[in-house]
Amino acid sequence: MKNFIISLVLFSFGLQAKSPNFIMIYLDDLGWADTAVEMIPGDTGSRSDFYQTPNIVRLAEGGMVFSSAYAPSPVCTPSRNSVQHGMTPARMLNAVLHSEAASKEYRGVITIPQALKKANPNYISAHFGKWHIPSLSPRKAGYEITDGPTGNGEGDYMDDFKTHLPEDDPKRMVSLTDKTIKFIEDQNKVGKPFFVQLSHYAVHIWHDSFAETREKYKKIARSNRAEAHDYFPDSEITESMYKHNWIVNYAAMVDDMDAQFGRVLDRLDELGIADNTYVIITGDNGGGMRNNGRLSGSKGDLTEGGIRVPFIVRGPKVRANSYTSVPTAGWDILATFYDLAGGTDALPPEVEGGSLKNVLAKGDKASVERNLRDFVFYFPWYNGEPESALISGKFKILKNLDTKDVQLFDLSKDVSEGNNIAKQMPEKTIEMEKTLDTYITKVKAEDLMDLRIGYLDRMTKLWIPNTDREIIENKKLMDQGDARGKKEYQRLTGYRKWMEGEIKFTVERAKMHGHDLSHYLSK
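Position numbers for residues start from 1 in each chain and track the written sequence from start to end. For a predicted model such as this one, the threshold for reporting local features is a pLDDT of at least 70, and the threshold for listing and counting side-chain atom pairs is 80 or more; totals across whole chains, interfaces and linings nevertheless cover every residue. To obtain the side-chain values, all non-hydrogen atoms of the structure were included, while hydrogens and water were left out.

1. Regarding the sheet that holds strand β14 (residues 406-410)
Strand pairing follows a simple DSSP-based rule, namely that at least 2 bridges must link the two strands. Counting from the N terminus, the helices are DSSP H or I runs at least four residues long and the strands are E runs at least two residues long. With respect to topology, four strands assemble into an open sheet ordered β11-β12-β13-β14, the strand pairing being antiparallel. Strands at the two margins of the open sheet, each flanked by one partner only, are β11 (375-379) and β14. The sheet shows a mean angle of 10° between the axes of neighbouring strands, direction not considered. Pairing of strand β12 (residues 387-392) with strand β13 (residues 395-400) involves six bridges; the strand directions are antiparallel. In the strand pairing of β13, Ser-388 is matched with Lys-399. The contact rule is simple, with two residues in contact once any of their heavy atoms fall within 4.5 Å. Here the axes come from fitting lines to C-alpha atoms, over the contacting stretch only for helices, and the angles between their N-to-C directions go from 0 to 180 degrees. The strands touched by helix α15 (residues 426-442) are β11, β12, β13 and β14; relative to β13, the strand with the most contacts, the crossing angle is about 65°.

2. Side note on the side chain of Ser-355
Within the element layout of this structure, Ser-355 appears in the loop between α13 (333-340) and α14 (357-362). Looking at Ser-355, its side chain comes within polar contact range of the side chain of Asp-339, at 2.7 Å. Two N or O atoms count as a polar contact when they lie within 3.5 Å, although within protein this holds only if one can serve as hydrogen donor and the other as acceptor, and sequence-adjacent residues are included solely when both atoms are side-chain atoms. Within the structure, Ser-355 has its side chain in polar contact with the backbone nitrogen of Lys-357 (distance 3.1 Å). Other than its neighbours up to four places away in sequence, Ser-355 contacts Ala-335, Thr-336, Asp-339, Val-368 and Glu-369.

3. Section: the pairing of β11
Side-chain direction in a regular strand flips from residue to residue, so the side chains alternate between the two faces of the sheet. Most of β11 sits out of view: five of its five residues are buried. Here β11 shows no split at all, with Phe-375, Phe-377 and Phe-379 on one side and Val-376 and Tyr-378 on the other all buried. The sheet contact formed by β11 and β12 spans five bridges and is antiparallel. In the sheet register, Tyr-378 faces β12, and the bridge partner there is Ser-388. Throughout, exposure labels follow a simple rule: accessible area from a 1.4 Å probe, protein chains only, divided by the maximum for the residue type, with under 20% read as buried, over 50% as exposed, and the rest as partly exposed.

4. What to know about the nonpolar core
In terms of nonpolar packing, the biggest core is built from 53 residues, with Ile-23, Tyr-51, Ile-184, Val-196, Phe-261, Ile-281 and Ile-312 touching the most fellow members. Those elements that place two or more of their residues in this core are β1 (21-27), α2 (54-61), β4 (124-129), α8 (173-190), β6 (194-199), α11 (247-271) and β7 (277-283). Among the elements that make up this core, the one with the highest residue count is α11 (12 residues). Tyr-26, Ala-115, Ala-341 and Val-368 belong to the second-largest nonpolar core, a separate cluster that totals 36 residues. Definition of nonpolar core: a set of buried residues of the types Ala, Val, Leu, Ile, Met, Phe, Trp, Tyr and Cys, connected through side-chain atoms within 4.5 Å.

Next up, the structure:
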């Protein structure tokens, strides 16, 4: 009897000590209000009035919604790199999409798969879908199973990058889900704890969806985001509208992605491992389709609409059907997974994110310890509006790096950022600006003017000469009556004109920093 009790205790301990699994569904360009889940409880402006996402709702009902969750950047690559390493894009030297600095001086210290291995060597990691981190491959990041260092193109074309994806697999949503489910099944069969990141190409442009789902959205009540052209006859929907700005197609794509997510949840239930699996769904930046509910701005800027994203977690000991106002950012994911996996040794000091483990169990009663207390965002966008931002408690400052204009907002009262209180609170504004600038200097982040000069060099030394050659070649084809040559000639001449405008804009902005780059105008 004594031996039986000892065996039972040991068996029970083994169950308790079993390492959890992790599934992260990482969505491309999904806006804060692009699901049917209210991101703020009771706030209808924080959810969609049109897009139907029953499986994301299902996840929220079984888990926790973070009302104040942020992507590390308003664009994809910096966010993806930051999430993998638990560090801000500024520290990673990857604050913008194209970063020569990041490729020359890789600052990564540890990745999510490597951290999980540190917690338990038995973890197996997989990545499927969009990777888009030029300075690091999935293999080098520690993913044993992967479909490669993919970019945006794989979400629209077959592997030859010429043939469009088949109609039964828009944005590769079905095949990516198939891969994910097979990986889950394989690891469950051998009893290995696992982490899989499914990085959907949806809902990035080009938009695509199942035809039957589009028909569904043509028949339901219209969204308050709808425009007249959304309900033109199909014959009048242009290619550009179809791929970029047709709300029926976008809604269908969100719905189709949600349906595939539902397949993953169903398989976890069927395998009996849902209770030991953390499932997180979030995005890489703010939405770019129409608007982001009550938030101002969108993808490509550091307003709330550009960086606040859906963030929902379900898993062991996570409070079901709950909300938390505790803020989080993508760089918290690494430390969170490590802690939940049982990691006890200290992570490298360069890791700036903190564990959300206590928040998942206690909600607003918990807090997060981070090496970086405040949330720092740095986006030195060399051919647009370069910005930096700092969120400290309920306050946020937003700084234009060209004009030096600084705005201050109280997000607890003004999530829409409609009331700039910088003049009412000058001391707070100065204090936060100093904190922000000090951090950017301390980590030796990318310099805006260096990025601009690199951009001008690429245009004048590479892109324009190559485009000019292609224009000449297609002009000859057009003169011979070749229709495709004519189409390419028109596209390339438009592209050439756009680059000329970019050069003028960049040269003018450089003057704000005391730089005379007018010599690029003559190239």
